[in-house]
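Examining the three-dimensional arrangement
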Amino acid sequence: MAQEPRIEESDGKVETSGKSTVIFLFLSFVAFVFFIFTGVLWLYHTFLIMTNQTTWEHNKRASINYLNFYPAGFLPFDYGIKENIRLVFLHGDHALDWDLPTFKEALEKEQRFNLLQNKYYSCCC
């Protein structure tokens, strides 16, 4: 028969063995690391959804032929945060045909300032 952990009560305080404290600290550390990594991935993919980009378009922009046509910082598939979220999550059961804007349309289209990727610098690429 398995022996139960020994818990002694003295003066209203519960004392546990050192082994259970070490296990608790280890599991807390593992949970913390897990939530940090998943939190960073969640933030990154939320950014990609809000700008309507793929990871390939964001990381390898200079080597993608159809994006070299546009000025730095221009996102040809970006329709604004609300519309991008609608296009990603509420598109129904049909695929979309994406029309790339012409260079003239790209210059005329007002772009919001993107802190991570703009005409002055590109972070994370």
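Presented here is an overview of the structure given in this document. (Residues numbered from 1 in each chain as written. Predicted model: local features only at pLDDT ≥ 70, side-chain atom pairs only at ≥ 80, totals over all residues. Heavy atoms only, no water.)

Within the protein chain one finds five helices and two strands. Within the protein chain, counting contacts between residues at least 6 apart in sequence, those at least 24 apart form 58% of the total. For the protein chain, the exposed area adds up to about 10300 Å²; of that, 66% sits on carbon and sulfur atoms. (Helix = DSSP H or I, 4+ residues; strand = E, 2+ residues; numbered from the N terminus. Contact = heavy atoms within 4.5 Å. Areas by Shrake-Rupley, 256 points an atom, 1.4 Å probe, with all protein chains shown as cover.)

Summed over all chains, the structure comprises one salt bridge. Taking the shortest distance from any N to any O, the salt bridge between Arg-86 and Glu-83 comes out at 2.6 Å. With Arg-86 and Glu-83 both in helix H4 (residues 81–89) and three residues apart, this pair spans about one turn of that helix. (Salt bridge = Lys/Arg side-chain N within 4 Å of Asp/Glu carboxyl O.)

Judged by nonpolar contacts, Ile-64, Leu-67, Tyr-70, Phe-74 and Ala-106 together constitute the single largest core of five residues. Beyond its immediate stretch of four places on either side in the chain, Ile-64 contacts Trp-56 and Glu-57. (Core = buried A, V, L, I, M, F, W, Y, C linked by side-chain atoms within 4.5 Å. Buried < 20%, exposed > 50% of the residue type's maximum accessible area, 1.4 Å probe, protein only.)

One can describe the packing of helix H1 (residues 18–51) onto H4 by two numbers: an axis separation of 7 Å at closest approach and a directional angle of 105°. On the basis of their axis angle, the class for H1 and H4 is roughly perpendicular. Contact with H1, carried on its side by Ile-49, Met-50 and Thr-51, involves Ile-81, Asn-84, Ile-85, Val-88 and Phe-89 of H4 and no other residues of that element. By residue class, the composition of the contact of H1 with H4 is six nonpolar, two polar and no charged. (Axes fitted to C-alpha atoms, helices over the stretch in contact; angles between N-to-C directions. Parallel < 35°, antiparallel > 145°, perpendicular 65-115°, else oblique. Nonpolar A, V, L, I, M, F, W, Y, C, P; charged D, E, K, R; others polar.)

Mapped onto the elements, Gln-53 comes out in the loop between H1 and helix H2 (55–59). We classify Gln-53 as buried; its relative accessible area is 10%. One polar contact links Gln-53 to Thr-51, side chain to side chain, over a distance of 2.9 Å. (Polar contact = N/O pair within 3.5 Å; in protein donor to acceptor, adjacent residues only side chain to side chain.)

To continue, consider empty space enclosed by the protein. Inspection of every chain in the model, using the stated rule, returns one cavity of 30 Å³ or more. Size it by volume and the largest cavity reaches roughly 50 Å³. Around the largest cavity, the lining residues are Thr-51, Asn-52, Gln-53, Glu-57, Arg-61, Leu-67, Leu-75, Pro-76 and Phe-77. (1 Å grid on protein atoms, 1.4 Å probe; cavity = no way out; pocket = protein on both sides within 12 Å on 5 of 7 lines; lining within 4 Å. Points joined across faces, edges and corners; volume = space filled by probe spheres on them.)

Further remarks concern the environment of Ile-85. Residue position: Ile-85 is located in helix H4. Note on Ile-85: relative accessible area 35%, which makes it partly exposed. When the C-alpha atoms of Ile-85 and Asn-52 are compared, they prove to be 8.1 Å apart, with 33 residues separating the residues in sequence. Other than its neighbours up to four places away in sequence, Ile-85 contacts Ile-49 and Leu-90.

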